[in-house]
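As a plain string of letters, each chain reads:
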There are 2 protein chains.
Amino acid sequence: MEIITANSNPKIKNINKLNKNAAFRKEEQVFIVEGSRMFRELPVDRVKQVFVSETAYRKYEAELSVKGITEQDGRLVVVSDSVFQSMSQTKTPQGLLAVVDRYHYTMDDLISVMAKHEGGNTFLVLESIQDPGNLGTIVRTAEAADVTGIIIGGDSCDIYNPKVVRSTMGTIFRVPFVYVDDLMGTVDRLKEHGIVVYGAHLDGQNLYAGKLEKNNAFLIGNEGNGLTYELSAKADRLIRIPMAGQVESLNAAISATLLAYEAYRQRK
Amino acid sequence: MEIITANSNPKIKNINKLNKNAAFRKEEQVFIVEGSRMFRELPVDRVKQVFVSETAYRKYEAELSVKGITEQDGRLVVVSDSVFQSMSQTKTPQGLLAVVDRYHYTMDDLISVMAKHEGGNTFLVLESIQDPGNLGTIVRTAEAADVTGIIIGGDSCDIYNPKVVRSTMGTIFRVPFVYVDDLMGTVDRLKEHGIVVYGAHLDGQNLYAGKLEKNNAFLIGNEGNGLTYELSAKADRLIRIPMAGQVESLNAAISATLLAYEAYRQRK
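Residue positions within a chain follow its written sequence, with the count starting from 1. As a convention, the first chain written is A and the first ligand written is 1, with the rest following in written order. Two thresholds apply to this predicted model, a pLDDT of at least 70 for residue-level local features and 80 or more for giving and counting side-chain atom pairs, whereas whole-chain, interface and lining totals are computed over all residues. Calculated side-chain values reflect all of the structure's heavy atoms, with hydrogen atoms and water omitted.

Colleague: Teacher, can you tell me more about the packing of aromatic side chains here?
Modeller: Working definition: an aromatic ring pair is given by the centre-to-centre distance plus the angle between the planes. Pairing of aromatic rings covers Phe, Tyr and Trp, the last through its six-membered ring, and needs centres within 6.5 Å; plane angles under 30 degrees mean stacked, over 60 mean edge-to-face, and all others mean tilted. A complete count under the given rule lists 19 aromatic pairs over all chains for this structure. Their ring planes at 70 degrees and their centres at 6.3 Å tell us that Y103 of chain A and F177 of chain A sit as a pair that is edge-to-face. Of the two residues, Y103 of chain A sits in the loop between β5 (96–101) and α6 (107–113) while F177 of chain A sits in strand β8 (residues 177–179), which places them 74 residues apart along the sequence. Each residue gets one of three labels from its accessible area relative to the maximum for its type: buried under 20%, exposed over 50%, partly exposed in between, using a 1.4 Å probe on protein chains only. Looking at F177 of chain A, the relative accessible area reads 5%, which means it is buried. Consider the rings of Y103 of chain B and Y105 of chain B, whose centres lie 5.5 Å apart with planes at 0 degrees: the pair is stacked. Owing to a relative accessible area of 10%, Y103 of chain B belongs among the buried residues under this scheme. Runs of E in the DSSP output that reach at least two residues are strands. Runs of H or I that reach at least four are helices, and both are numbered from the N terminus.

Colleague: Looking at this structure, I do not really get the relation of the copies chain A and chain B. What am I missing?
Modeller: In this arrangement, two copies of a chain are superimposed by a rotation about an axis accompanied by a shift along the axis. Only residues with pLDDT of at least 70 in both copies contribute their C-alpha atoms to the least-squares superposition of the copies. Expressed as a screw operation, the relation of chain A to chain B combines 0.0 Å of axial shift with a rotation of 180 degrees, fitting to an RMSD of 0.0 Å. Taken together, these values place the two copies in the relation of a two-fold axis. The contact rule is simple, with two residues in contact once any of their heavy atoms fall within 4.5 Å. Of the interface residues in chain A, 100% have counterparts in chain B that sit at the interface too, so the contact is made through matching surfaces.

Colleague: When you look at helix α11 (residues 252–267) of chain B in this model, what are you seeing that I'm missing?
Modeller: Along an α-helix, residues three or four apart share an orientation, since each turn contains 3.6 residues. Residues and elements named next belong to chain B. The length a helix should cover is 1.5 Å for every residue beyond the first. With 16 residues, α11 should cover 22 Å at 1.5 Å per step; its first-to-last C-alpha distance of 23 Å lies within 8% of that length. Buried residues dominate α11, accounting for 14 of its 16 residues. Polar contacts, as counted here, are pairs of nitrogen or oxygen atoms within 3.5 Å of one another; within protein the pair requires one atom able to donate a hydrogen and one able to accept it, and residues that are adjacent in sequence qualify only if both atoms are side-chain atoms. One side-chain oxygen of the residue at the start of α11 lies 2.7 Å from the amide nitrogen of A253, identifying that residue as N251.

Colleague: In this structure, what is going on with the side chain of S156 of chain B? I would like to understand it.
Modeller: All names here are of chain B. Its location among the elements puts S156 in the loop between β7 (149–153) and α8 (162–167). At 3.1 Å, the side chain of S156 and the backbone nitrogen of S128 are in polar contact. There is a polar contact of 3.0 Å between the side chain of S156 and the backbone nitrogen of I129. Apart from the residues within four sequence positions on either side, S156 is in contact with L126, E127, S128 and I129.

Colleague: I would appreciate a short explanation of the nonpolar core in the present structure.
Modeller: Proteins that are soluble and globular tend to have nonpolar side chains buried together. I150 of chain A together with I150 of chain B are the most contacted members of the largest nonpolar core, which totals 122 residues. In contact with I150 of chain A, not counting residues within four places along its chain, are L110, L124, L126, I138, V139, A142, V175, P176, F177 and V178 of chain A. Buried Ala, Val, Leu, Ile, Met, Phe, Trp, Tyr and Cys residues that are joined via side-chain atoms within 4.5 Å together make up what is termed a nonpolar core.

Colleague: Looking at this model, I keep getting lost on the UniProt feature "domain: RNA 2-O ribose methyltransferase substrate binding" (unreviewed entry) in chain A. Mind explaining?
Modeller: UniProt positions are given in the numbering used here, feature names are shortened, and annotations may be inferred rather than shown by experiment. Under the feature "domain: RNA 2-O ribose methyltransferase substrate binding" (unreviewed entry), the UniProt entry names residues 32–106 of chain A. In the segment residues 32–106 of chain A, helix accounts for 33% and strand for 27%; the C-alpha atoms at its two ends are 22 Å apart.

Colleague: Whenever I open this one, the domain arrangement of chain A confuses me. Can you help?
Modeller: One widely used convention gives an interface's size as the accessible area the parts lose upon coming together. All names here are of chain A. Annotation comment: domain bounds sourced from an automatic or database domain assignment. Along its sequence, chain A is organised into domain 1 (3–101) and domain 2 (107–267). The C-alpha centroid of domain 2 is placed 32 Å from the C-alpha centroid of domain 1. Across the contact, 11 residues belong to domain 1 and 12 residues belong to domain 2. Note on terms: buried area is the combined drop in 1.4 Å-probe accessible area of two parts once they are placed together, counting the loss on both. For the pairing of domain 1 and domain 2, the buried interface totals around 1100 Å² over both sides, and the portion due to carbon and sulfur atoms is 68%. Interface area lost by domain 1 to domain 2 is led by F31, M38 and E41, which between them contribute 50%. Every case where a carboxyl oxygen of Asp or Glu lies within 4 Å of a side-chain nitrogen of Lys or Arg is listed as a salt bridge. Run the count over domain 1 and domain 2 and you get one salt bridge.

Colleague: What is the right way to read a positive patch on the surface from this model?
Modeller: Here the term patch refers to residues with relative accessible area over 30% and no salt bridge, with like charges joined within 9 Å and nonpolar side chains (Val, Leu, Ile, Met, Phe, Trp, Tyr) within 5 Å. Note on areas: these come from Shrake-Rupley sampling with a 1.4 Å probe, and a residue is covered only by the protein chains present in the view. None of His or the chain ends enter the tally, which takes Lys and Arg as positive and Asp and Glu as negative. In plain terms, the charge of a residue is placed at NZ if it is Lys, CZ if Arg, CG if Asp and CD if Glu. A cluster of basic residues, K91, K163 and R166 of chain A together with K91, K163 and R166 of chain B, forms a positive patch at the surface. Of all the secondary-structure elements, those providing two or more residues to the positive patch are α8 (162–167) of chain A together with α8 of chain B. If you trace the backbone, K163 of chain B turns up in helix α8.

Colleague: Help me understand the packing of helix α7 (residues 132–144) of chain A against helix α11 (residues 252–267) of chain A in this model?
Modeller: The axes of two packed helices give the description: the angle between them and the distance between them. Residues and elements named next belong to chain A. Every axis corresponds to a line fitted to the C-alpha atoms, with the helix fit spanning only the stretch in contact, and the corresponding angles, defined between N-to-C directions, vary from 0 to 180 degrees. Where α7 contacts α11, the two axes come as close as 9 Å, and the packing angle between them is 10 degrees. As the angle between them shows, α7 and α11 are arranged roughly parallel. Contacts from N134, T137, I138, T141 and A144 in α7 reach A252, A253, A256, T257, Y261 and Y264 in α11. When its residues are assigned to classes, the contact of α7 with α11 shows seven nonpolar, four polar and no charged. Here the angle decides the label: under 35 degrees means roughly parallel, over 145 means roughly antiparallel, 65 to 115 means roughly perpendicular, and every other value means oblique. Amino acid classes used here: Ala, Val, Leu, Ile, Met, Phe, Trp, Tyr, Cys and Pro are nonpolar; Asp, Glu, Lys and Arg are charged; the rest, including Gly, are polar.

Colleague: Looking at this structure, I do not really get the pattern of salt bridges. What am I missing?
Modeller: Residues and elements named next belong to chain A. Following the criterion strictly, the structure yields 19 salt bridges over all chains and no others. A salt bridge links E262 to R265; the nearest nitrogen and oxygen atoms lie 2.9 Å apart. A residue pair is termed a helical-turn pair when its members lie 3 or 4 positions apart in one helix, as E262 and R265 do in helix α11 at three residues. Of the residues examined, E262 reaches a relative accessible area of 4% and is grouped as buried.

Now the structure itself:
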């Protein structure tokens, strides 16, 4: 077994560059996944490389072998604990890091997934969500609330940002998502497929006062500024999450959660 | 008008120490509030000092004067823009920073607030919530969902941490909260007051399948490990937030939101 002990090794330098450089990650069409929890859910066929510390190798060798990730197949790289420490982006590294191929869903994919959801569909349309924790949490909640797909536009953050990937807790491997340049046109396309588009608005109808349409999409706006007027004007219906006290708005991930879960609750 | 132009001024050094040193903040029994949004909601009688940049002074002078915060009353301190920049903990400083007296709610206060909520009460009991963004978001959602009070125990983060304060979006000024050393004993106390305690558990009853008790408390566990066995065993009822797909758990702030909002929805 070969163990890499030098940070100057080209494989290690490559990982450091992938970790630091979003443009390089995009160019290589990969993203980085860290941590033992995420590892259990790793889609093996998308894994290009796995880096494991010596200590973690002893613990996870069997598990990796079952997944078919071995030194022989060229995907497994064992490194010294100190080299791993230098590669890791987490405070308490667990000794596992994978380079994974990106997803390439299209709007066509998202539309075609609809047929599988007989009970109804929910889409989340995100406009300029900029906080990585919010985006990751939205992806995580989306799977739990049986969301069909996530459409991301405006000046939103990169879903392959390591912070986002971590906070998805593995759901990034399963929830379909697509980045679009033309959010307005995309909303029109959803409407053409019979999806009723809801925009959150203080003058809207109370979320809990009526029934949502079977196929729905919720527009979720930027953390500081909410939805742009242009996108908001595209909504078929305005809807309001009731709020007690003097609260003016909710966190973007919280709003997305309450909307998606209410649709899920009504479907069940 | 006196304008502080040197970082070495004792008032500025004091703020820097308050910003950096949690123990000193506690010793002084204050917390730091930044940003123009939070300012609108500032409880004037708790404000010890307001620091304002020259630029912001021109913009907010009238507003501060209406609040009774003036140079004459000794609470208003004007500093040069560059000094303000050095004091600020935010990326894009808005030129407003306040030193505010801490709150000292007790469990007695929280219990006595119950009488005001005729329709029913919800308490959130947080065990070792460690992410500042999660704690801040929980406080924000709590006001929106008409939560009576938040009880914080275990190894939870400090609510006066500037990151938490920011993510509460001003709700920290209005939602009653209390830190307790004895979380078990506190849960017993809630029960003595007729509050039914719900613990989230995968084997519990579906949250959306029945009616919640009128006076309820929800136990919310740590981000990585969930509830401890000891606290979970204190619950009167186990409850489960339904989750589709392969999701094993939700983010702590998301769980707290879904539980508190379902109680709020049923009350209305």
